[in-house]
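Here's the letter readout for the chains.
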Amino acid sequence: MRVLVVGASGAIGTRLVPQLIARGHVVIGTHRSPAHAAKIRALGAEPVQLDLLDEPVVRRMVLAAEPAAIIHQATALADMRDFKRFDRGFAQTNRLRTEGTDALLAAAREAGVRQFIAQSFASTLYERTGGPVKTEDDPLDSNPVAAMRETVAAMRYLDETVRNAGGIVLRYGGFYGAANDGLLEPIRRRMFPIVGSGDGVMSFIHLDDAANATVVALDHDGPGVFNIVDDEPAPVRVWLPVLAEVLGAKPPRRVPRWLARLVAGEAAVVLGTESRGASNAKARRELGWELRYPSWREGFVAAYASIEVGSASARGLVTRT
Ligand SMILES: NC(=O)c1ccc[n+]([C@@H]2O[C@H](COP(=O)([O-])OP(=O)(O)OC[C@H]3O[C@@H](n4cnc5c(N)ncnc54)[C@H](OP(=O)(O)O)[C@@H]3O)[C@@H](O)[C@H]2O)c1
């Protein structure tokens, strides 16, 4: 079918486009930066430059492209560094998730698009009470910390709006698997500490598995919401030392909550100590999705060991504890 991937030049988009084409789909891929047209063309898709916040242009582009399906993967996180002003760092992404989603859905309705899939995020979304691993039926965080309020609200908005329109929301885990993943540099420089107890749970997903889940979700009629995460949600105190070792970095520092709050802000404390992970049981069951990297343990080694250390698996890092 004809598939329009909005945000085809990004981390997930560049993994998704080749998998869609391998499945026989014809792909139109959008980019924001003019320089990224060549990247999309090289992946085998037809590039279209688009600002998703320009609603009349979105409408014209969707009507001209005549896609059977739209996959919304647009974010603006390439420069996201400042956890202290979390909402400020996410401000443009929040607009892409609210105004951008509205513009795409309106155009999709007018163009008779049959399938709509949009990106959300699992780990910062769920209520920070109860068990450490959440399903799609569990409540979302009703009282996010002040620094993350707008970001959680934008994800909630996308979630409800897309589902109400009959579409599919994919709540991805934390992406990894690219050489420029945002976590790597801070961990190498020992700037990513274990905060307090380190009990904040993270669900990860390798970019190739995230892309594959998105491809198989096209076969689901919708509406639906799925956690697209691996099998092993883990507290920071468990995964961070393993990733540091895979990268050949020194073990992470430990800092008390009050110090992390002062230096990195409340969002960093919450992510490090209170966040919940997510279960992929529904996606495995209803989408028939299978993971190439069921745990970040083997995924981190596969993704990064060749960059920094060749022998991580030989040193037992992929053995579950
Ligand atoms: N679940 C997760 O953990 C998660 C989710 C998202 C991102 N990230 C991480 O954040 C980092 C940056 O992500 P990224 O590389 O995907 O870059 P990004 O800056 O977030 O861009 C993603 C895509 O959205 C497009 N885009 C940006 N602004 C747009 C706009 N106004 N209208 C239409 N499209 C727009 C970009 O186009 P151009 O590239 O042409 O500007 C790109 O195709 C990566 O390390 C990634 O792994 C993680």
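Refer to the structure printed above.
Fair warning: this is a prediction, and the values are worked out from it, not measured in the lab.

1. Comments concerning the overall build of the chain
Counting secondary structure elements, the chain contains 13 helices and 15 strands. Taking 2.2 N^0.38 as the reference for a compact globule, 321 residues should give roughly 20 Å; the C-alpha atoms of the chain span a radius of gyration of 19 Å, in line with that estimate. Overall, the chain is about 55 × 40 × 40 Å in size when its C-alpha atoms are taken along their principal axes. Of all intrachain contacts in the chain linking residues separated by at least 6 positions in sequence, the fraction that spans at least 24 positions is 77%. About 13,700 Å² of surface is accessible on the chain, with carbon and sulfur atoms providing 51% of the total. Within the chain, the 36 negative side-chain charges are centred at a point lying 5 Å from the centre of the 39 positive side-chain charges.

2. Things to note about the side chain of Arg97
Its location among the elements puts Arg97 in helix H5 (residues 91-111). It is Asp87 that comes nearest to the buried, bridge-free Arg97 among opposite-charge side chains, at 9.4 Å. Discounting residues that sit within four places of it in the chain, Arg97 has contacts with His72, Thr75, Phe90, Gln119, Ala154, Met155, Tyr157 and Leu158.

3. Thoughts on the nonpolar core
Of all hydrophobic cores here, the largest spans 32 residues; its most connected members are Leu20, Leu170, Ile228, Leu287 and Trp289. Elements represented by at least two residues in this core include exactly strand E1 (2-6), helix H1 (11-22), strand E4 (69-72), strand E7 (168-172), helix H8 (207-217), strand E12 (224-228) and helix H12 (281-287). For this core, the element with the highest residue contribution is H8, accounting for seven residues. Setting aside its immediate chain neighbours within four residues, Leu170 contacts Ile117, Ala118, Gln119, Ser120, Thr214, Ala217, Phe226 and Ile228. Among the nonpolar cores identified, the runner-up in size contains 25 residues, and Met61, Phe116, Ala118 and Leu158 belong to it.

4. Some points on the pairing of strand E3 (residues 46-49)
Pairing between strand E2 (residues 26-31) and E3: four bridges, direction parallel. Bridging across to E3, His31 finds its partner in Gln49.

5. Quick word on empty space enclosed by the protein
This model, assessed by the stated rule, comprises one cavity of 30 Å³ or more. Taken together, Ser123, Thr124, Tyr126, Arg128, Asp141, Pro144, Val145, Met148, Val152, Val270 and Ser275 make up the lining of the largest cavity. Residue classes in the lining of the largest cavity are distributed as six nonpolar, three polar and two charged.

6. A short note on the pairing of E2
Most of E2 sits out of view: five of its six residues are buried. Taking the sense of rotation as the criterion, the β-α-β connection linking E1, H1 and E2 turns out right-handed. Between the parallel pair E2 and E3, the chain is carried across by helix H2 (residues 37-42), and the sense of this crossover is right-handed.

7. Quick notes on the site of the ligand
Neighbouring the ligand are 24 residues; Ser9, Ala11, Arg32, Ser33 and Thr75 lie closest to it. Phe175 is positioned such that a nitrogen or oxygen atom in its backbone is 2.8 Å from an oxygen atom of the ligand. In isolation the ligand exposes 890 Å². Once the protein is present, 85% of that is buried. Going through the elements one at a time, strand E5 (115-121) and strand E8 (174-176) are the ones with two or more residues in the shell around the ligand.

8. Brief notes about the sheet that holds E5
A sheet is described by the order of its strands in space; here seven strands give the open sequence E3-E2-E1-E4-E5-E7-E12, paired in parallel fashion. Two strands close off the open sheet at either side, each with one partner strand: E3 and E12. On average, adjacent strands in this sheet sit at an angle of 20° to one another, irrespective of strand direction. By the bridge criterion, four bridges tie E4 to E5 in an arrangement that is parallel. Note on E5: the bridge partner recorded for Ala69 is Gln115. Along the sheet face, H5 touches E1, E4 and E5 and points at about 175° away from the line of E4. Its contacts with the sheet put H8 on E4, E5, E7 and E12, and the angle it makes with E7 is roughly 165°.

The rules behind these values
Numbers given for residues are sequential positions, taken from 1 along each chain in its written order. Local features in this predicted model are restricted to residues of pLDDT 70 or higher, and side-chain atom pairs are both shown and tallied only at a pLDDT of 80 or more, whereas totals for entire chains, interfaces and linings draw on every residue. Remark: hydrogens and water are excluded; side-chain values derive from all non-hydrogen atoms of the structure. Secondary structure elements are taken from DSSP: a helix is a run of H or I of four residues or more, a strand is a run of E of two residues or more, and numbering for both begins at the N terminus. We take the radius of gyration over the C-alpha atoms and set the globule estimate at 2.2 Å times the residue count to the 0.38 power. The contact definition used throughout considers only heavy atoms, calling two residues in contact when any of these lie within 4.5 Å. Methods summary: accessible areas were calculated by the Shrake-Rupley approach with a probe of 1.4 Å, and residue burial reflects only the protein chains presented. A positive count includes Lys and Arg, and a negative count includes Asp and Glu. His and the chain ends are not counted in either. Charge positions are represented by NZ for Lys, CZ for Arg, CG for Asp and CD for Glu. Each residue is placed in one exposure class: buried if its accessible area under a 1.4 Å probe, protein chains only, is under 20% of its type's maximum, exposed if it is over 50%, and partly exposed if it falls in between. Salt bridges are defined by distance alone: a side-chain nitrogen of Lys or Arg within 4 Å of a carboxyl oxygen of Asp or Glu. As used here, the term nonpolar core means buried Ala, Val, Leu, Ile, Met, Phe, Trp, Tyr and Cys residues forming a set that is joined through side-chain atoms within 4.5 Å. Only strands that DSSP links by at least two bridges are regarded as paired with each other. Points on a 1 Å grid, built from protein atoms alone, make a cavity when a 1.4 Å probe fits but cannot get out and make a pocket when they are open with protein on both sides within 12 Å along at least 5 of 7 lines; residues with an atom within 4 Å of a point are the lining residues. Grid points are joined across faces, edges and corners, and a volume is the space filled by probe spheres set on the points. Three classes are used: nonpolar for Ala, Val, Leu, Ile, Met, Phe, Trp, Tyr, Cys and Pro, charged for Asp, Glu, Lys and Arg, and polar for all others, with Gly counted as polar. Here a crossover is taken to be right-handed if, once the strands point away from the viewer, the path from the first strand over the helix to the second is traced clockwise. Near, as used in this document, describes a residue that has one of its heavy atoms within 4 Å of the molecule or strand being considered. Counted as a polar contact is a pair of N or O atoms within 3.5 Å, where, for protein atoms, one must be capable of donating a hydrogen and the other of accepting one, and residues adjacent in sequence contribute only when both atoms are in side chains. Every axis in this analysis is a line fitted to C-alpha atoms, fitted for helices over the stretch in contact. Angles between the N-to-C directions lie between 0 and 180 degrees.

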